[in-house]
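An overview of the molecular structure
Listed here are the chains, written in short residue letters.
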Amino acid sequence: MTFFRNEKGEYRFSRLAFAQKINAVLDSPWFLLVIAGLTLLSNIFAIEFLLYVFCGVLMLYLGLFGTDFRLMIALLINCYIAPSIANNPGKNAESIFSLERGGIWLLLLAALCMTALFARCIIDSEIGFAKLKKRPRLLWGLLGLGAVFLLSGVGMQGYTAMAGKNLLFAALETVAFFVPYLMVGIGVKWDKIPTGYLAMIGLLMGLTVGFEIVNLYVTNKVVVVDALQGVIVRRLNIYTGWGHYNNMAALIVTAIPFAFYFVYVGKNVIFNNILAALLCVFAVLSCSRAGMLGAGGIYLFCAVAVLIKTKSKRAKITVSAGLGVALAALCVMIFLAQDAFAAAFANGLKSDARMELYKAGIEMFTRHPVFGSSFYSLNVYVEQLGEEVTWIWSDVESFKAFFPGRWHNNVVQMLACCGIVGLLAYAYHRYQTLMLFWKKPNAEKTFVGISLAVIVLLSLLDCHLFNLGPTLFYSAALAYAEHKQPENEI
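Our next topic: the overall build of the protein. Helix and strand counts for the protein stand at 18 helices and two strands. Only carbon and sulfur atoms are counted for the fraction: they give 69% of the accessible area of the protein, which is about 21900 Å².

Have a look at this one:
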């Protein structure tokens, strides 16, 4: 180990002269703008492979020469939201994610990056596994979730035939929930990272997804003009390489509290208030009913919270004006644009036969109440009805065969897939997260908590926490909230 450490016992490579110059750039919150911009370009022009190589090189650099792993949070979520329509793995069997077209190289690059990061965690005494002397607060809850994921479906009839892919999917879910929390928690020098760093990542995430939607309106025939019906917004055309309108809206709504965080602390108050409103516009353009309702609700909640708690008169005036403009915009939408968005409200507030889906999920729970009916319980249910398992968002057989249907509600998902032990593990995790944000609150921690609450609440109507990508952000954000101290404002 002496090769890697200087005479003071510090990690040598991050203190080399060239590394310190590069780290000054990579550690800056403004470098996050570069990552977000490249992600948007990758999505628009279908050059994700280049982005993944770039991000892989950055990950390797962090493991070898970086100050710490803070940039990893942005790299994870931006790699998730980068895929374009052209490389949608559910619709294009020859996308860059297929093993024949580049997927194998992406897997090897990811393995190399993780090896470098884990090696740094072993070698560096300032970050890494040495920090585990103090047990992470959410450790047992997350390990419990991982255990019930891996036990999902044990004992059910026909489990042996699906055990391989069920265990693999369960392992992916476990990694998504646990690894970012662990690596960010032990891999960041928390006394060096500026307050507001995660808020900037989250805000840029929402804006990037919003501009992806704008691009879809321009390039994917979302808006059409019918001679009889006039202007129509076709929300089924609002999808990209990583998700459709509901998935995109969820990340947009998740970002709204971060805009209000900057308003609350007095950073570019007018500009960030405009960004909060812009995110609401993006949520409307998504045509996601849950997204629209969520955006309106969280915008109002955050605005009122800022009005009550902030001491800045400028912030109060700006937020009040923003509320007035938002109300006027809502009236305009209701009276002038409702016909164009009719597809989103065709069933009123009904949720695409969600209640029937939930009843089926409960039925699958009652069949195997202890460990559930596996992550493929919805597939099993449909097959037992004698129907073909078809998902509207996928045409690729290998994709449909591996990625299971989900129950569009976290509670039903845990019951149907992991049984009563799964629900108990999830409830304990929820208790731990509530205690995390309840104790020793500060402004940044509170707004992070509001953002994660958005993901959890929207997951009562969809399956965001079981889409892997949002869970990466959720997991890393939990570590951030646990460890970051309120100092060094951006």
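Having seen it, we continue.
Right, let's talk about the packing of aromatic side chains for a bit. Here the structure, examined in full by the defined rule, presents 24 aromatic pairs. These aromatic residues form a ring-pair network of at least three members: Phe149, Phe169, Phe177, Phe375, Phe403, Phe466 and Tyr474. Seen from the ring of tyrosine 376, lysine 165 lies directly overhead, with NZ or CZ sitting 4.5 Å from the centre.

On to helix α3 (residues 48-64), then. The first and last C-alpha atoms of α3 sit 24 Å apart over 17 residues, in line with the 24 Å expected at 1.5 Å per residue. For α3, the set of buried residues is Glu48, Leu51, Tyr52, Cys55, Gly56, Leu58, Met59, Leu60, Tyr61, Leu62 and Gly63. As for α3, its buried residues are in contact with α1 (17-26), α2 (31-45), α4 (71-80) and α5 (103-123).

Turning next to a nonpolar patch on the surface. Taken together, Val34, Leu38, Leu41, Ile44, Phe45, Ile47, Leu50 and Phe54 make up a surface patch of nonpolar side chains, about 670 Å² in accessible area. Those elements giving two or more residues to the nonpolar patch turn out to be α2 and α3. The dominant element in the nonpolar patch, judged by the number of residues it contributes, is α2, at five residues. Along the chain, leucine 41 turns up in helix α2. Residue classification places leucine 41 among the partly exposed positions, given a relative accessible area of 41%.

One turn of the α-helix equals 3.6 residues, which is why residues spaced by three or four share an orientation. Among the eight residues in helix α14 (residues 377-384), six count as buried, and that is most of the element. Those residues of α14 that fall on the buried side of the exposure criterion are Ser377, Leu378, Asn379, Val380, Tyr381 and Val382.

Here we come to the packing of helix α13 (residues 354-367) against helix α16 (residues 410-438). For any two helices packed against each other, the geometry comes down to the angle between their axes and how far apart the axes lie. In contact at an axis separation of 8 Å, α13 and α16 are set at 15° when each is read in the N-to-C sense. As summarised for this structure, α13 and α16 are arranged roughly parallel, according to the angle between their axes. Seen from above, α13 lies across α16 with left-handed handedness. Residue-level contacts link Tyr358, Gly361, Ile362, Met364 and Phe365 of α13 to Val412, Leu415, Ala416, Gly419 and Ile420 of α16. Looking at side-chain class alone, the contact of α13 with α16 contains eight nonpolar, two polar and no charged residues.

Secondary-structure assignment places asparagine 87 in the loop between α4 and α5. Judged by relative accessible area, which is 8%, asparagine 87 ranks as buried. A polar contact of 3.2 Å, which involves the side chain of asparagine 87, links it to the backbone nitrogen of isoleucine 96.

Attention shifts here to the nonpolar core. Ranked by size, the top nonpolar core spans 140 residues in total, and within it Leu71, Phe149, Phe260, Phe375, Trp407, Leu452 and Phe473 carry the most contacts. A total of 14 residues in this core trace back to one element, the largest contributor, which is helix α9 (residues 245-264).

Next up on the list: unusual backbone geometry. With a phi close to 55°, lysine 221 is a non-glycine residue in the positive phi region. If you trace the backbone, lysine 221 turns up in the loop between α8 (197-219) and β1 (223-226). At lysine 440, a residue that is not glycine, the phi angle is positive and equals roughly 50°. Mapped onto the elements, lysine 440 comes out in the loop between α16 and α17 (443-458).

A separate point is the confidence of the model for the protein. A residue-level look at the protein finds 89% of positions with pLDDT of 70 or above and a mean pLDDT of 88. Per-element mean pLDDT across the protein ranges from 70 in helix α15 (residues 397-402) up to 97 in α2.

Attention now goes to the pattern of salt bridges. Counted by the stated rule, this structure contains seven salt bridges. Residue aspartate 68 is joined to arginine 70 by a salt bridge in which the shortest nitrogen-to-oxygen separation is 3.0 Å. According to the relative accessible area criterion, aspartate 68 is buried, its value standing at 0%. In this structure, the salt-bridge partner of glutamate 94 is arginine 101, at a minimum N-O distance of 3.9 Å. The class for glutamate 94 is exposed, based on a relative accessible area of 54%. Among the charged side chains, a salt-bridge network with shared partners connects Arg15, Glu126 and Lys189.

Side chains of Lys134, Arg137, Lys439 and Lys440 sit close together on the surface and give a patch of like positive charge. Here lysine 134 is to be found in the loop between α5 and α6 (139-151). With a relative accessible area of 71%, lysine 134 lands in the exposed category.

Considering the arrangement of structural elements, one finds phenylalanine 65 in the loop between α3 and α4. Relative accessible area serves as the criterion here: at 21%, phenylalanine 65 is assigned to the partly exposed category. As for phenylalanine 65 and arginine 12, which are separated by 53 residues in sequence, their C-alpha atoms are 8.6 Å apart. Sequence-distant contacts of phenylalanine 65, that is, excluding residues within four places in its chain, are made with Phe13, Ser14, Leu16, Phe18, Ala19, Asn23 and Arg120.

Summed over all chains, the structure comprises zero disulfides. Take cysteine 302: it sits in no disulfide, and the sulfur closest to it among the cysteines is that of cysteine 280, at 9.4 Å.

Attention now goes to the packing of α13 against α14. Contact geometry of α13 with α14 gives a least axis separation of 10 Å together with a crossing angle of 95°. Judged by the angle between their axes, α13 and α14 are roughly perpendicular. Between α13, through Leu357, Ala360, Glu363, Met364 and Arg367, and α14, the contact on the second element is made entirely by Ser377, Leu378, Val380, Tyr381 and Gln384.

Along the chain, valine 148 turns up in helix α6. Valine 148 sits 22 residues away from alanine 170 along the chain, and the two C-alpha atoms are 8.9 Å apart. Not counting the four nearest positions on each side in its chain, valine 148 is found in contact with Met414, Cys418, Val421, Gly422 and Ala425.

Cut-offs used in this document
- Residues numbered from 1 in each chain as written.
- Predicted model: local features only at pLDDT ≥ 70, side-chain atom pairs only at ≥ 80, totals over all residues.
- Heavy atoms only, no water.
- Helix = DSSP H or I, 4+ residues; strand = E, 2+ residues; numbered from the N terminus.
- Areas by Shrake-Rupley, 256 points an atom, 1.4 Å probe, with all protein chains shown as cover.
- Phe/Tyr/Trp six-rings, centres within 6.5 Å; stacked < 30°, edge-to-face > 60°.
- Lys NZ or Arg CZ within 6 Å of the ring centre and 35° of its normal.
- Expected span 1.5 Å × (residues − 1).
- Buried < 20%, exposed > 50% of the residue type's maximum accessible area, 1.4 Å probe, protein only.
- Contact = heavy atoms within 4.5 Å.
- Patch = residues over 30% accessible without salt bridge, like charges linked within 9 Å, V, L, I, M, F, W, Y side chains within 5 Å.
- Salt bridge = Lys/Arg side-chain N within 4 Å of Asp/Glu carboxyl O.
- Axes fitted to C-alpha atoms, helices over the stretch in contact; angles between N-to-C directions.
- Parallel < 35°, antiparallel > 145°, perpendicular 65-115°, else oblique.
- Left-handed = near helix turned anticlockwise from the far one by under 90°.
- Nonpolar A, V, L, I, M, F, W, Y, C, P; charged D, E, K, R; others polar.
- Polar contact = N/O pair within 3.5 Å; in protein donor to acceptor, adjacent residues only side chain to side chain.
- Core = buried A, V, L, I, M, F, W, Y, C linked by side-chain atoms within 4.5 Å.
- pLDDT = per-residue confidence, 0-100.
- Lys, Arg positive; Asp, Glu negative; His and termini not counted.
- Charge placed at Lys NZ, Arg CZ, Asp CG, Glu CD.
- Disulfide = S-S within 2.5 Å.

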